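Geometric and topological summary
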Amino acid sequence: MEFTDIKTQYRALKDEIDARMRRVLEHGQFILGPEVRELEEKLASYTGARHCVTVASGTEALLIALMALDIKPGDEVITTPFTFIATAEMIVLLGAKPVFVDVEEDTANIDASRIAAAVTSRTRAIMPVSLYGQPADMDEINAIAARHRLAVIEDAAQSFGALYKGRRSCNLSTIGATSFFPSKPLGCYGDGGALFTSDDALAKAMREIRHHGQSGRYQHTRIGVGGRMDTLQCAVVLGKLGRFDWELERRVALARRYDELLGRFRPIRVKRDRTSVYAQYTIRSPERSRIQDALKAKGIPTAVHYPQSLHQQPAYAAHYRGLSFPAAEKLAREVISLPMSADLAESDQDLIAAALVQTLP
Ligand SMILES: *Cc1c(COP(=O)(O)O)cnc(C)c1O
């Protein structure tokens, strides 16, 4: 059994993906070829955002979003400590400071009711993460941002396709940033990512920054990076779009089955006015290592997203001494992610649930 099954997906889409990749090999426009624009148009229309700018990875997307907003040394960006490192890492890379706000224990997303108290005169942006595939309380977050004139970047690396009050993730704030890392809900076959905005000036800035700050050929009007997504990787994502809605339906159906079978393991809660795309299906237990060992003995892989709150990571801890984020710390001790992908067989899911129930006293 695999933790994330992307091989079955390839077998189902082989003809489409192979044909699209072959076309790129034949036309030879490996950088910013026609598939790049085609993908950007399709993804923008899928999310409802006016602009999509594909980039080299989800990490690069966050960096370029922060650069386009002109985040500078000394600035503060409010974010969650319970996320993948890239969220905070790109803030630090620009010399700015991640100001952590604790999460809700049941959804694992940033607790919007605590954000206002963290705003200072140096705050420039709020960066909520749509963790495990579920958007945070974006209306409340956008309202705080509007009151203090802050930008909101949704780290939507795990949530492409999710809905929040009828709107798509990536189109819920100033900028949405997603990732096409192979195991994400919409993945490519290497690194890739995308930025979304309906602000024309920000879209232009992000498009230029990803390409060395060029406004025209060898005309460098701003500081940029080499942050383009390969044409071949765009072709892979294009080859997957026809099956994507079906895959999301499968993920949700499988998550419902897990919910029914595993209620006693306190699965992460999804709020009623939004959906999750279940980048991870995550349960909680104070006896995590015993449960992981029991499943491993039966050939069932599990993972921990994430084993440490970011304020406790070695490279960060010195800057957050004396601070505690109890919900993030508790989740970091208790969360277990189970096998999840659109092609997970219900028979395998039954084996996983049975193995888990056997660990109960
Ligand atoms: C995967 C991920 C990223 C980084 O995406 P890459 O494409 O791997 O660079 C950023 N933030 C979160 C929350 C992620 O899960």
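1. Thoughts on the overall build of the chain
If you tally the helices and strands in the chain, you get 10 helices and 13 strands. The C-alpha radius of gyration of the chain comes to 20 Å, within 12% of the 21 Å expected for a compact globule of 361 residues. Along the longest, intermediate and shortest principal axes, the C-alpha atoms of the chain span 65 × 55 × 35 Å. Going through the 361 residues of the chain one by one, you find that 55% of them count as buried. Counting only contacts in the chain whose residues sit at least 6 apart along the sequence, the fraction spanning at least 24 positions is 70%. Summed over all atoms, the accessible surface of the chain reaches about 15400 Å², with 51% contributed by carbon and sulfur.

2. Structural notes on the environment of Pro135
Relative to the elements of secondary structure, Pro135 occurs in the loop between β4 (123–127) and α5 (138–148). Each C-alpha atom of the pair Pro135 and Val270 lies 9.2 Å from the other, and the pair is 135 residues apart in sequence. Aside from chain neighbours lying at most four places away, what touches Pro135 is Asn109, Ser130, Glu154, Ala162, Leu163, Tyr164, Ser169, Leu172, Arg274 and Thr275.

3. Looking at the nonpolar core
Leu66, Ile71, Ile153, Ile175 and Leu195 are the most contacted members of the largest nonpolar core, which totals 30 residues. Breaking this core down by element, the ones donating at least two residues are β1 (51–55), α3 (58–68), α4 (86–93), β4, β5 (151–155), β8 (175–179) and α6 (200–209). Sequence-distant contacts of Ile153, defined by excluding residues within four places in its chain, comprise Leu62, Ala65, Leu66, Leu69, Ile126, Met127, Pro128, Ser173 and Ile175. Counting residues in each nonpolar core, the second largest holds 23 residues, with Ala49, Phe196, Val236 and Val277 among its members.

4. Here we look at the domain arrangement of the chain
Along its sequence, the chain is carved into domain 1 (6–237) and domain 2 (243–358). Counting residues at the interface gives 41 residues for domain 1 and 38 residues for domain 2. It is Phe82, Glu105 and Tyr132 in domain 1 that bury the most area against domain 2; as a group they hold 22% of the surface buried on that side. Taken together, the links from domain 1 to domain 2 amount to six salt bridges. A salt bridge links Asp106 to Arg269, with the shortest nitrogen-to-oxygen separation between them at 2.7 Å. Taken together, the connections running from domain 1 to domain 2 amount to 24 residue pairs in polar contact (both at pLDDT 80 or more). The set of elements that each furnish at least two residues to the side of domain 1 that touches domain 2 consists of α1 (7–27), α4, β3 (97–100) and β6 (163–164). Counting residues per element, the side of domain 1 that touches domain 2 draws most heavily on α1, at four residues. For the side of domain 1 that touches domain 2, the residue count by class is 24 nonpolar, nine polar and eight charged.

5. Brief notes about the site of the ligand
Not every one of the 16 residues close to the ligand is listed here, only the nearest: Gly58, Thr59, Gln158, Ser179 and Lys184. Residue Gln158 places a side-chain N or O atom 2.7 Å away from an oxygen atom belonging to the ligand. At 2.7 Å, a side-chain N or O of Lys184 approaches an oxygen atom of the ligand. Protein chains shield 93% of the accessible area of the ligand, which is 380 Å² for the free molecule. When each cavity is represented as a set of grid points, the ligand is found to reside in the largest pocket. Looking at the shell around the ligand, the elements with two or more residues in it are α3 and α4. Residues belonging to the shell around the ligand are distributed by class as follows: six nonpolar, eight polar and two charged.

6. Here we look at the packing of aromatic side chains
Each aromatic ring pair is summarised here by two numbers: the centre-to-centre distance and the angle between the ring planes. All chains considered together, the criterion is met by 11 aromatic pairs. Seen in terms of ring centroids, Tyr10 and Tyr189 are 6.0 Å apart; in terms of plane orientation they differ by 80°. Their pairing is edge-to-face. Within this pair, whereas Tyr10 is found in helix α1, its partner Tyr189 is found in the loop between β8 and β9 (193–197), the two being separated by 179 residues in sequence. Accessibility expressed as a relative area gives 27% for Tyr10, which makes it partly exposed. According to the relative accessible area criterion, Tyr189 is partly exposed, its value standing at 31%.

7. Some words on the pattern of salt bridges
In this structure the tally under the stated criterion is 28 salt bridges. A salt bridge links Glu38 to Lys42; the nearest nitrogen and oxygen atoms lie 2.9 Å apart. Of this pair, Glu38 and Lys42 both sit in helix α2 (residues 34–47), four residues apart, which is roughly one turn of that helix. Across the pair Glu247 and Arg243 runs a salt bridge whose closest N-O atoms are separated by 2.7 Å. Taken as a pair, Glu247 and Arg243 lie in helix α7 (residues 231–261) at a separation of four residues, close to a single helical turn. Both residues of the pair, Glu247 and Arg243, count as buried. Salt bridges here are not isolated pairs; linked through shared partners, they connect Glu104, Asp137, Lys271, Asp273 and Arg274.

Conventions and cut-offs
- All residue numbers refer to position in the chain's written sequence, counted from 1.
- Where local features are concerned, this predicted model is filtered to residues with pLDDT of at least 70; where side-chain atom pairs are given and counted, the filter is 80 or more; whole-chain, interface and lining totals use all residues.
- Processing note: side-chain calculations cover all non-hydrogen atoms of the structure and skip hydrogens and water entirely.
- Helix and strand labels come from DSSP, where a helix needs a run of H or I of at least four residues and a strand needs a run of E of at least two; each type is numbered from the N terminus.
- Only C-alpha atoms enter the radius of gyration, while the globule expectation follows 2.2 Å times N to the 0.38, with N the number of residues.
- Working definition: with a 1.4 Å probe on protein chains only, accessible area under 20% of the residue-type maximum means buried, over 50% means exposed, and in between means partly exposed.
- Any two residues having at least one pair of non-hydrogen atoms within 4.5 Å are treated as being in contact.
- For every accessible area listed, the method is Shrake-Rupley and the probe measures 1.4 Å; residues are considered covered only by the protein chains on display.
- We define a nonpolar core as any set of buried Ala, Val, Leu, Ile, Met, Phe, Trp, Tyr and Cys residues linked to one another through side-chain atoms lying within 4.5 Å.
- The split into domains, and so the bounds of each, comes from an automatic or database assignment of domains.
- Two parts placed together each lose some accessible area; with a 1.4 Å probe, that loss summed over both constitutes the buried area.
- Here, a salt bridge means any side-chain nitrogen of Lys or Arg that lies within 4 Å of a carboxyl oxygen of Asp or Glu.
- For the purposes of these results, a polar contact is taken to be a pair of N or O atoms within 3.5 Å, where, inside protein, one atom must be able to donate a hydrogen and its partner to accept one; residues adjacent in sequence count only when each atom of the pair is a side-chain atom.
- Three residue categories are used. Nonpolar comprises Ala, Val, Leu, Ile, Met, Phe, Trp, Tyr, Cys and Pro, charged comprises Asp, Glu, Lys and Arg, and polar comprises the others, including Gly.
- A cutoff of 4 Å decides nearness: a residue is near a molecule or strand if any of its heavy atoms lies inside that distance of it.
- Two kinds of site are reported from a 1 Å grid over the protein atoms alone, namely cavities, where a 1.4 Å probe fits but cannot get out, and pockets, open sets with protein on both sides within 12 Å along at least five of seven lines, and residues are called lining when an atom falls within 4 Å of a point.
- Cavity and pocket membership follows a simple rule, namely that a molecule belongs there if more than half of its atoms are within 2 Å of the grid points.
- Working definition: rings of Phe, Tyr and Trp (its six-membered ring) pair if their centres are within 6.5 Å, and the pair is stacked with planes under 30 degrees apart, edge-to-face with planes over 60 apart, and tilted otherwise.

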